[in-house]
Amino acid sequence: MGGDEPRRGLLAGALIATLWVAAGVGIGVLALMTLPLVGAVAALRSIRIGRPLVRPLLQWVRVLADLERRRLGRLGHEIESPYHDEPPDGETGPVRGVLDEPTVRRDLSWLFMQATFGIVLGTVTVQLLSNGIHDATLWLWWPLVDESERSVINGLIGLETWSGSVFGVVVGIAQLILWLLFAPRLLRYQCRPGVNLLGPDPDIDLSERVARLAATRAAALDAHAIELRRIERALHDGAQNRIVGVAVLVGAARREVERDPGRADEILARAQDSAELALSELRAVVRSILPPVLENRGLEGALSALASECAVPCRLTVDVPVRCPASVEATAYFVVAESLTNVAKHSGASRAEVGVSVRGDRLHVVVTDDGRGGADPAGGSGLAGIGRRVEAHDGEVAVVSPEGGPTEIRVELPCGS
Ligand SMILES: Nc1ncnc2c1ncn2[C@@H]1O[C@H](COP(=O)(O)OP(=O)(O)OP(=O)(O)O)[C@@H](O)[C@H]1O
Ligand SMILES: [Mg+2]
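Each value, and the rule that gives it
Residues numbered from 1 in each chain as written. Chains lettered and ligands numbered in written order. Predicted model: local features only at pLDDT ≥ 70, side-chain atom pairs only at ≥ 80, totals over all residues. Heavy atoms only, no water. 1 Å grid on protein atoms, 1.4 Å probe; cavity = no way out; pocket = protein on both sides within 12 Å on 5 of 7 lines; lining within 4 Å. Points joined across faces, edges and corners; volume = space filled by probe spheres on them. Helix = DSSP H or I, 4+ residues; strand = E, 2+ residues; numbered from the N terminus. Nonpolar A, V, L, I, M, F, W, Y, C, P; charged D, E, K, R; others polar. Buried < 20%, exposed > 50% of the residue type's maximum accessible area, 1.4 Å probe, protein only. Contact = heavy atoms within 4.5 Å. Pairing = 2+ DSSP bridges. Axes fitted to C-alpha atoms, helices over the stretch in contact; angles between N-to-C directions. Core = buried A, V, L, I, M, F, W, Y, C linked by side-chain atoms within 4.5 Å. Expected span 1.5 Å × (residues − 1). Patch = residues over 30% accessible without salt bridge, like charges linked within 9 Å, V, L, I, M, F, W, Y side chains within 5 Å. Areas by Shrake-Rupley, 256 points an atom, 1.4 Å probe, with all protein chains shown as cover. Salt bridge = Lys/Arg side-chain N within 4 Å of Asp/Glu carboxyl O. Lys, Arg positive; Asp, Glu negative; His and termini not counted. Charge placed at Lys NZ, Arg CZ, Asp CG, Glu CD. Near = heavy atom within 4 Å. Polar contact = N/O pair within 3.5 Å; in protein donor to acceptor, adjacent residues only side chain to side chain. Donors = N, O, S within 2.8 Å, 3.2 Å for Na, K, Ca; no water. Domains from an automatic or database assignment.

Trainee: Describe empty space enclosed by the protein, listing the residues and the values that go with them.
Mentor: The tally for this structure, following the rule as stated, stands at 1 cavity of 30 Å³ or more. By volume, the largest cavity amounts to about 40 Å³. Breaking the lining of the largest cavity down by element, the ones donating at least two residues are helix 2 (51-74) and helix 4 (102-141). The element contributing the most residues to the lining of the largest cavity is helix 4, with 3 residues. By residue class, the composition of the lining of the largest cavity is 3 nonpolar, 1 polar and 2 charged.

Encoded structure:
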């Protein structure tokens, strides 16, 4: 069991261990009943009849393995489920092909261990307790039992006389002492195959993690390049054009100064308007890079500004007692900004709701509306942009938006430092 196992009395510890061991025996018995099925399906499969049975059988094995994971979880071994997809269907390829799947191989190895080792260890633990009580108290109810049942250690040693049953007390107490001392240890041994075999294969886990990191790194670089292109477009199409306009107008005004000062003044006024527009566009671009409102008012303040500016009435709940890293806050802000813009633009909703909270070391952002639904990340660049930004943080996005509504955008971001 885990290192943080609470200190209990010897008796309570042994009793609790025995209960968990008995639960392990229950799972072991189910595993034992499953083993012949595995054999039968493997045999039938080689003559093709068994092929449709492969997947249901492997799914049942996963159910058993999940039961064991839950038992181990309660005992302090949190075991992450290694399954990413359905078990192989076994329709094609040889039996070895199915066994090439590491999760199948590991699940079946565990099944075998639980059905043998798990049951034996569990039975020994439970028998030490039950035989100990039986043998130590036999002298009390000696006259009540049939002669053939007057024996100790599970019938191993027969006792001829009542005074001989005193021997049973000694044997019984010895078994109870062994049980007290060894029950927690036997439970640990019984858990070992599950702990070693039911988590993700360490090699696979690492290579999957590397693949995921490589993908999110690419997504981060993509998001970065897209962001730069967006800023470049915004500067090029907005502020730069206006400043070109200002330069042209100032040149025209200079030419008019001598000839027609009134007209020059008019042109300068237009140049001034244009310069002011350029300035406000520049401000908008700067704000879109990292909204200063985030810096000044924190995530809650920034989000309440967004909610109050939203064209659709929007309720905001924020439960973020700590400050997250700036890039995470900025991403959460952009998620809400884009989602609320979409609500106003596409949903036809009468109400929207934004919920932001921290659970564990994850920041959860949920934006819902009661509109017509049908949000589709392939339909534009906004939702896809949310996906890229969130992926770059190793977070997760879910867009649930059936036709007819409602729409829910759910984002989870790691925010631990
Ligand atoms: N809340 C919503 N309710 C209904 N439909 C939505 C909602 N959000 C998005 N959509 C639909 O999903 C499509 C994709 O949205 P997305 O934000 O990716 O692109 P967009 O808003 O059209 O353009 P932009 O690139 O400017 O964001 C939208 O065109 C719209 O049809
Ligand atoms: Mg959009």
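Trainee: Tell me about unusual backbone geometry, residues and numbers included.
Mentor: Note the cis peptide between Gly405 and Pro406, where omega equals -10°. Residue position: Pro406 is located in the loop between strand 6 (396-400) and strand 7 (407-414). Positive phi outside glycine occurs at Asp394, with the angle close to 70°. Examined against the element boundaries, Asp394 turns out to sit in the loop between helix 10 (382-392) and strand 6. Looking at Asp394, the relative accessible area reads 24%, which means it is partly exposed.

Trainee: Pulling in residues and values, what's your account of the environment of Thr103?
Mentor: You can see Thr103 is positioned in helix 4. For the pair formed by Thr103 and Gly199, sequence separation is 96 residues and the distance between their alpha carbons is 8.9 Å. Apart from the residues lying within four places of it in its own chain, the contact partners of Thr103 are Arg62, Pro82 and Tyr83.

Trainee: Give a description of the sheet that holds strand 3 (residues 314-319) that names residues and reports values.
Mentor: Taken together, the 5 strands give an open sheet; going across it, the order is 3-4-5-7-6, and neighbouring strands pair in mixed fashion. Only two strands of the sheet have a single neighbouring strand rather than two, namely strand 3 and strand 6. Neighbouring strand axes in the sheet, compared pairwise and without regard to direction, differ in orientation by 10° on average. Bridging between strand 5 (residues 362-369) and strand 7 involves 8 bridges; their strand directions are antiparallel. What sits directly across from Asp369, in strand 7, is Thr407. Along the sheet face, helix 8 (residues 292-309) touches strand 3, strand 4 (352-359) and strand 5 and points at about 175° away from the line of strand 3. Most of the contacts of helix 9 (residues 326-347) go to strand 5, to which it runs at about 10°, and overall it touches strand 3, strand 4, strand 5 and strand 7.

Trainee: Explain the nonpolar core to me, using residue names and the numbers behind them.
Mentor: Counting 35 residues, the largest nonpolar core has Val336, Leu340, Leu363, Val365 and Val411 as the members making the most contacts within it. For this core, the secondary structure elements donating two or more residues are helix 8, helix 9, strand 4, strand 5, helix 10 and strand 7. The element best represented in this core is helix 9, accounting for 10 residues. Setting aside its immediate chain neighbours within four residues, Val365 contacts Ala332, Val335, Val336, Gly355, Val356, Ile409, Arg410 and Val411. Among the nonpolar cores identified, the runner-up in size contains 30 residues, and Ala31, Leu57, Ala115 and Leu129 belong to it.

Trainee: Quick one: what's the story with helix 9, residue by residue and with numbers?
Mentor: Across its 22 residues, helix 9 extends 30 Å between first and last C-alpha, which sits within 8% of the 32 Å expected from 1.5 Å per residue. Just downstream of helix 9, Gly348 is the residue with a positive phi angle, here 65°.

Trainee: Give a detailed account of a negative patch on the surface, specifying residues and quantitative values.
Mentor: A surface patch of like charges, here negative, comprises Asp85, Glu86, Asp100 and Glu101. Mapped onto the elements, Asp85 comes out in the loop between helix 2 and helix 3 (95-100).

Trainee: So what's going on with the site of ligand 1? Which residues, and what values?
Mentor: The local shell around ligand 1 holds 16 residues, among which Glu338, Asn342, His346, Ser381 and Leu383 are the closest. Note that an oxygen atom of ligand 1 is positioned 3.3 Å from one of the side-chain N or O atoms of Lys345. One of the side-chain nitrogen or oxygen atoms of Asp369 is found 3.0 Å away from a nitrogen atom of ligand 1. Burial of ligand 1 by the protein amounts to 79% of the accessible area it has alone, namely 600 Å². Secondary-structure elements contributing two or more residues to the shell around ligand 1 are helix 9 and helix 10. It is helix 9 that contributes the most residues to the shell around ligand 1, 5 residues altogether. In terms of residue class, the shell around ligand 1 is made up of 2 nonpolar, 10 polar and 4 charged.

Trainee: Could you give an account of the coordination of the magnesium ion (ligand 2), naming the residues involved and the relevant values?
Mentor: The coordination sphere of the magnesium ion (ligand 2) contains the protein donors Glu338 (OE) and Asn342 (OD1), at a distance range of 2.1 Å. Of this pair, Glu338 and Asn342 both sit in helix 9, 4 residues apart, which is roughly one turn of the helix.

Trainee: If you had to explain the side chain of His364 to someone new, which residues and values would you point to?
Mentor: Note that His364 resides in strand 5. By relative accessible area, His364 is classed as buried at 11%.

Trainee: Any chance you could break down the layout of surface pockets for me, citing the residues and the numbers?
Mentor: When its volume is computed, the largest pocket comes out at roughly 1,000 Å³. Both domain 2 (203-289) and domain 3 (292-414) contribute no fewer than three residues apiece to the lining of the largest pocket.

Trainee: Account for the side chain of Glu329, naming residues and giving values.
Mentor: Relative to the helices and strands, Glu329 is located in helix 9. Beyond its immediate sequence surroundings of up to four residues, Glu329 is in contact with Leu294, Leu299, Arg323 and Cys324.

Trainee: Please give an account of the pattern of salt bridges that cites residues and values.
Mentor: For the structure shown, the criterion picks out 11 salt bridges. A salt bridge links Glu256 to Arg259; the nearest nitrogen and oxygen atoms lie 3.8 Å apart. In this pair, Glu256 and Arg259 both sit in helix 6 (residues 202-259), 3 residues apart, roughly one turn of the helix. Arg259 gets classed as exposed once you look at its relative accessible area, which sits at 62%. Salt-bridge contacts for Glu353 lead to Arg315; the nearest nitrogen and oxygen are separated by 3.2 Å. Placement of the pair is Glu353 in strand 4 and Arg315 in strand 3, with a sequence separation of 38 residues. Overall, the relative accessible area of 30% leaves Glu353 in the partly exposed class. Among the charged side chains, a salt-bridge network with shared partners connects Arg362, Glu396 and Glu412.

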